[in-house]
Structure formats: C-alpha cells, structure tokens
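Structural characterization, general
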Protein chains: 2
Amino acid sequence: MSFSPLIRQLIESLRILPGVGQKTAQRMALQLLERDRNGAQRLAQALSQAMEGVGYCKSCRSLSESELCQICEDPRRDDSLLCVVEGPMDVYAVEHTGFRGRYFVLKGHLSPLDGLGPEAIGIPELLARIEAGQFSEVILATNPTVEGEATAHYIAQLLAGKGMVASRIAHGMPLGGELELVDGGTLAHALAGRRPINL
Amino acid sequence: MSFSPLIRQLIESLRILPGVGQKTAQRMALQLLERDRNGAQRLAQALSQAMEGVGYCKSCRSLSESELCQICEDPRRDDSLLCVVEGPMDVYAVEHTGFRGRYFVLKGHLSPLDGLGPEAIGIPELLARIEAGQFSEVILATNPTVEGEATAHYIAQLLAGKGMVASRIAHGMPLGGELELVDGGTLAHALAGRRPINL
C-alpha cells in the first residue's frame, strides 16, 4: 500500500523544509492528519501570508513587511557603524550581542564557481548605501568560511580605495571551547590575535 | 530587534511540526523566505488540501481520501486475518513486511490517566468490524509499550469471551541488535520466546 495522492503530495512538499528527509516528512504529514488538523490549516495560512507579505527593506535589504525595517526606521541607532552580513538570520544573531549600529544584508557570499559575482550578492547596492550614509567604520561580519573571508577581503579592498575604514570580526576560540577539540586554523587565529591582559 | 509579525506567526505555526523547536522553526521560516517562496506556497496548498481531502476509511479507520481505503477495497486480500494497530503509520509499517490480511486502526492505546478508555480508542468499532467479518485470527500489533501491552491484553480478553483466536506479535531481539546493548526486558522476552532450530 502506498500513501494516497494528497498525502504523498503533502510529504513531498514538507521535504523542502531544511533538515527534513523522507521519513521525517512522513511522520510530520501523518501526525498533522492524525492530531492537529487545525494547526496544519493555520500553518498553511501563515506560510501563505508570510510569503506574500514579507519583502525586503529597501535600505538594508533585510526581511521586512514595510518599505523600511524596524532597525532602519529607528532614529536612535548609531549612524556611524555599518555591519555587513551574509543573510537576514545573521542580523538577528548580531542584534543579540547588543550591537546598535546599522546593517546591510548581502545575498550570501561571493562564489565564482556558482556564478555568484559582486553584482549577484549586492555589492553595488552596498557601495551605494555606504555613499549615502555617514559611516566611520564598516564591520565585515560575513561567516568565517573560505567564501565569507574572500567576500570580506573583496569588500575591504573596495572600501580601502575610497578611504573608508573596514574591520573584520575577530577569529579565535569560542567561549566554553576546549583547546584540544578546536581545529588548528581556529587555534592559529586565536594565537595570532592574542591581546594583552589588562589587570 | 524582534521578528516582524508575519514572520513571528510563521515561526509559531511551524512549531506544531513534530521535533521542531524554536530555533529550528526560525531557521525554517527564514530559509523559506530567503530561498524557496514558491516551495512554501506549494506546501501551504498541500497542507490545506490534505487536511480537507483526507478522511478516514469507514471500514478500517485508516487515513483515506475515499470512503474505503485501497486495502479495504482490494478483493485479493486475505479476509481471515485482521491486524489491529494503534495508528495509520503502523499500517504502512506492517504493509512493508508483506502482510496481506486486513487492518483495523485504533485511535492510539488505552490510557486511563488521560481519560482514554475503550470507547475513546474505538474498541466498540473494532468489535463491530470483527462481528461483520469472517476472521479466523486477530493479530494484536499494538506497540510493545506498557500501554500497548495493556490494550492488547484488554482486547484479547474481550475476544476470548467470543471464542475468537487473538495473537500478539513476538517480542525479542531486533535483527542486527547486540545482546549487551539491549534492555533486560527485551532479552527476557527473547529467552522466554526461544524456539527450536529446524535443521
């Protein structure tokens, strides 16, 4: 016996969710049908409303329901700091640190092999945003991966040509990490970036 | 910065999925918004269609889009065997073993503490189904948990009163398991249920 057409279609559709494979999708589909049909209907509505109603902030390009996002609209933020990240999720992560400057969200990182050059990830828009603002420092908070590093390096070079200060987030040991478990590259960065202890 | 209302609503709705907590729901919501809005719209539609279109087979009470499910409609199945399971997912599991009898799907197991008695899980309907058929054996394939065992035991007692043969699926070592890793209860069942080796 195979699943009936509507159940099969639901299982297939659930597989677009990150981390959901065939087995998990089956379990989700049957559990929704068995236990929470109202919840599933609400989920259907929430999905549809969010996909239609959520767009991008025209200033920082983060996800936003209005033309400007909450952060760009907030007059109390520090207009001298711009934090550049790879995606909207990163904005929420940096916000949790207490950072109160402005943001710019790239569309991922440079990846020439996938055909993603500066235009594809929004570097021209970033430069326009920087021209339009009065930033004293641009913090490059792309991910500490090969592609993220390359993207940060590329932007730093462009900004150096314009006499703008660009900084990169620090690399080193994560808090609570153990030296014997961390990879060599991270430890090398932690050593190279050592700082005097202020007593 | 908090998520905008539509994103918040989407995250809350995603949390009804089994195994999805706050962090996973956030990741799912943002990934759908960033990378696959069409897929998300299709998911919304599939959810809505399945919740409206999938009902229960009136004979075995499994999930079905028509009045009778594929299995109940199939004239080639063995009408002398009835397999009783706790939920629709179990039907698919038993089908994979090559079982070709009929099914009856309970609504879970007896759980007096949660107020789930015989009526709540569909025992009267099971008895009516057995009366209406010509089964020579009823296989009780509820889960090997305390509640599943109690449910099987309860049904077996009812059937004994009607002179019907009820059997219980075997308990023992799972294939590929290791004696030193399996729990004591399972091993005790495996020993007690030992069978002669036919050479």
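Just so you know, these numbers come straight off a predicted model, no measurement behind them.

This next bit is on the side chain of A:Gln26. One can find A:Gln26 in helix 2 (residues 22–35). Those residues in contact with A:Gln26 that sit more than four places away from it in its chain are A:Phe3, A:Ile11 and B:Met89.

Each copy superposes on the other: chain A lies on chain B with an RMSD of 0.1 Å after a rotation of 180 degrees and an axial shift of 0.0 Å. The symmetry that links the two subunits is that of a two-fold axis. Identified as the residue of chain A closest to the rotation axis by C-alpha distance is A:Ala44, at 2.0 Å. Most of the interface of chain A is mirrored in chain B, where 100% of its interface residues are also at the interface.

All right, on to the UniProt feature "domain: Toprim" (unreviewed entry) in chain A then. Those residues carrying the UniProt feature "domain: Toprim" (unreviewed entry) are residues 80–174 of chain A in this numbering. In the segment residues 80–174 of chain A, helix accounts for 39% and strand for 17%; the C-alpha atoms at its two ends are 28 Å apart.

Our focus in this paragraph is the sheet that holds strand 3 (residues 81–85) of chain A. Working definition: the strands of a sheet are paired by backbone hydrogen bonds and lie parallel or antiparallel to each other. Residue and element names in this part refer to chain A. Pairing in this open sheet of 4 strands is parallel, and the strands run 4-3-5-6 from one edge to the other. Both outer strands of the open sheet, strand 4 (102–105) and strand 6 (166–168), are each paired with one neighbouring strand and no more. Ignoring which end each strand starts from, the neighbouring axes of this sheet average 25 degrees apart. Pairing of strand 3 with strand 5 (residues 137–140) involves 4 bridges; the strand directions are parallel. Among the inter-strand pairings, Cys-83 is bridged to a residue of strand 5, identified as Ile-139. Where helix 7 (residues 123–132) meets the sheet, its contacts fall on strand 3, strand 4 and strand 5, and the angle it forms with strand 4 comes to roughly 160 degrees.

Turning next to the sheet that holds strand 5 (residues 137–140) of chain B. All names here are of chain B. Strand order across the open sheet formed by 4 strands is 4-3-5-6, with parallel pairing between neighbours. If you trace the sheet from one side to the other, it starts and ends with strand 4 (102–105) and strand 6 (166–168), each paired once. Taken pair by pair, the neighbouring strands of this sheet meet at an average axis angle of 25 degrees, ignoring direction. Where strand 5 meets strand 6, 3 bridges bridge the pair, whose relative direction is parallel. Counted as the bridge partner of Leu-140 is Arg-168 from strand 6. Its contacts with the sheet put helix 7 (residues 123–132) on strand 3 (81–85), strand 4 and strand 5, and the angle it makes with strand 4 is roughly 160 degrees. Sheet strands touched by helix 8 (residues 146–160): strand 3, strand 5 and strand 6. Its angle to strand 6, the strand with the most contacts, is close to 160 degrees.

What counts, and where the lines are drawn
- Residues numbered from 1 in each chain as written.
- Chains lettered and ligands numbered in written order.
- Predicted model: local features only at pLDDT ≥ 70, side-chain atom pairs only at ≥ 80, totals over all residues.
- Heavy atoms only, no water.
- Helix = DSSP H or I, 4+ residues; strand = E, 2+ residues; numbered from the N terminus.
- Contact = heavy atoms within 4.5 Å.
- Least-squares fit on C-alpha atoms with pLDDT ≥ 70 in both.
- UniProt positions renumbered as here; feature names shortened; annotations may be inferred.
- Pairing = 2+ DSSP bridges.
- Axes fitted to C-alpha atoms, helices over the stretch in contact; angles between N-to-C directions.

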